[in-house]
Structures are given as C-alpha cells and as structure tokens.
Amino acid sequence: MAVEFLHELNVPFFKVGSGDTNNFPYLEKTAKKGRPMVISSGMQSMDTMKQVYQMVKPLNPNFCFLQCTSAYPLAPEDVNLRVIAEYQKLFPDIPIGYSGHETGIAISVAAVALGAKVLERHITLDKTWKGSDHSASLEPAELAELVRSVRLVERAMGSPTKQLLPCEIACNEKLGKSVVAKAKIPEGTVLTLDMLTVKVGEPKGYPPEDIFSLVGKKILVTVEEDDTIMEEWVENHGKKIKS
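Rules used throughout
Residues numbered from 1 in each chain as written. Predicted model: local features only at pLDDT ≥ 70, side-chain atom pairs only at ≥ 80, totals over all residues. Heavy atoms only, no water. Helix = DSSP H or I, 4+ residues; strand = E, 2+ residues; numbered from the N terminus. Buried < 20%, exposed > 50% of the residue type's maximum accessible area, 1.4 Å probe, protein only. Contact = heavy atoms within 4.5 Å. Areas by Shrake-Rupley, 256 points an atom, 1.4 Å probe, with all protein chains shown as cover. Lys, Arg positive; Asp, Glu negative; His and termini not counted. Charge placed at Lys NZ, Arg CZ, Asp CG, Glu CD. UniProt positions renumbered as here; feature names shortened; annotations may be inferred.

A tally of helices and strands in the protein yields nine helices and seven strands. Within the protein, buried positions represent 35% of all 243 residues. The long-range share in the protein, meaning contacts at least 24 apart out of those at least 6 apart in sequence, stands at 57%. Here the protein has roughly 14,000 Å² of accessible surface; of this, 57% comes from carbon and sulfur atoms. Put simply, the protein has 28 plus and 31 minus side-chain charges, and the middle of one group is 3 Å from the middle of the other.

Structural data, given as structure tokens:
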C-alpha cells in the first residue's frame, strides 16, 4: 500500500488528496502511522469534514485541513475562501490551509491573509502541456512571485493592537490636529462648542476626540484665535495631552 511505502521512505508528512478524504479505512490507517497529515477537502461536505476530524483527532492530533475545490482550472466564484474561516471556527485546534487550482497567485495570497497556514499549489514547467492540471498550475517564475507575496503578506499581518506607531510619529507631527480657539477667548470664559474648532496646531494640545469634554469648563488664560488649547489652561482638566 502507498502509505506503507511512503512510511518506509520516512516522508515528513502524508498528503491526503481530496479524492481519498472520505475513504475512512485509508484515513484510519494513515493516521495511525503518527506522521503529520495534510488533508484536502475538495468534493466533500462539511458534515464529512466533521467526521474526518472526529476520526483522525484521537489517532493523530498533528493534522490540518485544506479548503479546496476540485476543478481545473478553478473559477474564482467557486473558490469559497470563506470556508477557511468556517474551518477555523469549527476546528480551532488544528491549522487550516488552502489548496488552490485557480490560475495566478492573487487568490492564494488572499487565503494567507485570511489565515491559511498551509498553502498548496501545483507546479508545471509549461502550462500548455497536455493534461488539465497544467493550465491550473504555476510556472517557476509564478511560484517565486507567490512565495515573495506570501512572505510580504505575513509581514503585513502585524498586530491586532491599534496604536500610534513609531513610523507614524513624523506624519502625526505634521498632520495631527488639536483643539484650537475659533476666535479670541477671554480669560475666565466658560467654554462652549462654538468657541472651539479643530486644526493642525503648534504646539500640540487637546486632541480632537476630547473636544466635547472641554464644554462647560473655564479657560484660565486669554487664548488668541487659532491658538492651541493647552491642558494647563483649562480649569479641572482631566485628561493628559496625547503626543
């Protein structure tokens, strides 16, 4: 059997093609070998994939599912990249990947952006060769571009934390806005919204998102038109100025 032969060759993992994903005796035998498994899901239903998970998981926890549509070449509207997210939700403890038979690299790169951890594409030296698989495969130059693009996207995924980044400081210094006086505001005035506006100010003062918190507070100094409203000029100021 092919599994025995590959096992003797000490292959790093077993790839289960879509056509064998619902072949449960084969899956069971492969899983029991203990090697990592990459399982494609073309032509299968979600119910079948749930059964596959339930069968393989107790025997060999080191496996992943690939979203796949078995057509060559694959039309974009049949790719269904959203299945990746559904797999991630239903099977959160295994990696989810993508096996693509579309032309070009854009959809495969998008799969990585959606969280695909394993990416499979077929390779050919000439797309015009006889056989349906060649037209859906990548030539060497395309493969190189795919790898470059995937690495670029991986870098771009970054962090989910939203904050002012060091690379933004120069732009913030130039374009970042502050609350300023719309007209001259005499010392002792109780601020109302119509006295204030938002502009690029120097130095930086109250950030625009705090403009409503200034309403009803007393200004402690006379502020000229277009001057930045500074924290220390406001009675009972309660928020630090953002740099």
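Our focus in this paragraph is the environment of Val56. By the element assignment, Val56 lies in helix H3 (residues 46-59). Here Val56 falls in the buried class, since its relative accessible area comes to 0%. C-alpha separation for the pair Val56 and Met37, spaced 19 residues apart in sequence, amounts to 9.4 Å. Other than its neighbours up to four places away in sequence, Val56 contacts Ala31, Met37, Ile39 and Phe63.

What follows concerns the UniProt feature "domain: AFP-like" (unreviewed entry) in the protein. In the numbering adopted here, UniProt assigns the feature "domain: AFP-like" (unreviewed entry) to residues 178-237. Structurally, residues 178-237 comprises 7% helix and 13% strand, and the distance from its first C-alpha atom to its last is 15 Å.

Here we come to unusual backbone geometry. With omega at -10 degrees, the peptide bond leading from Tyr72 into Pro73 counts as cis. When you line up the elements, Pro73 lands in the loop between strand S3 (63-68) and helix H4 (82-90). Of note in this structure, Asn10 is not a glycine but carries a positive phi near 60 degrees. Residue position: Asn10 is located in the loop between helix H1 (2-8) and strand S1 (14-16). Even without a glycine there, the phi angle at Asn80 is positive, about 55 degrees. Relative to the helices and strands, Asn80 resides in the loop between S3 and H4. Looking at Asn80, the relative accessible area reads 45%, which means it is partly exposed.

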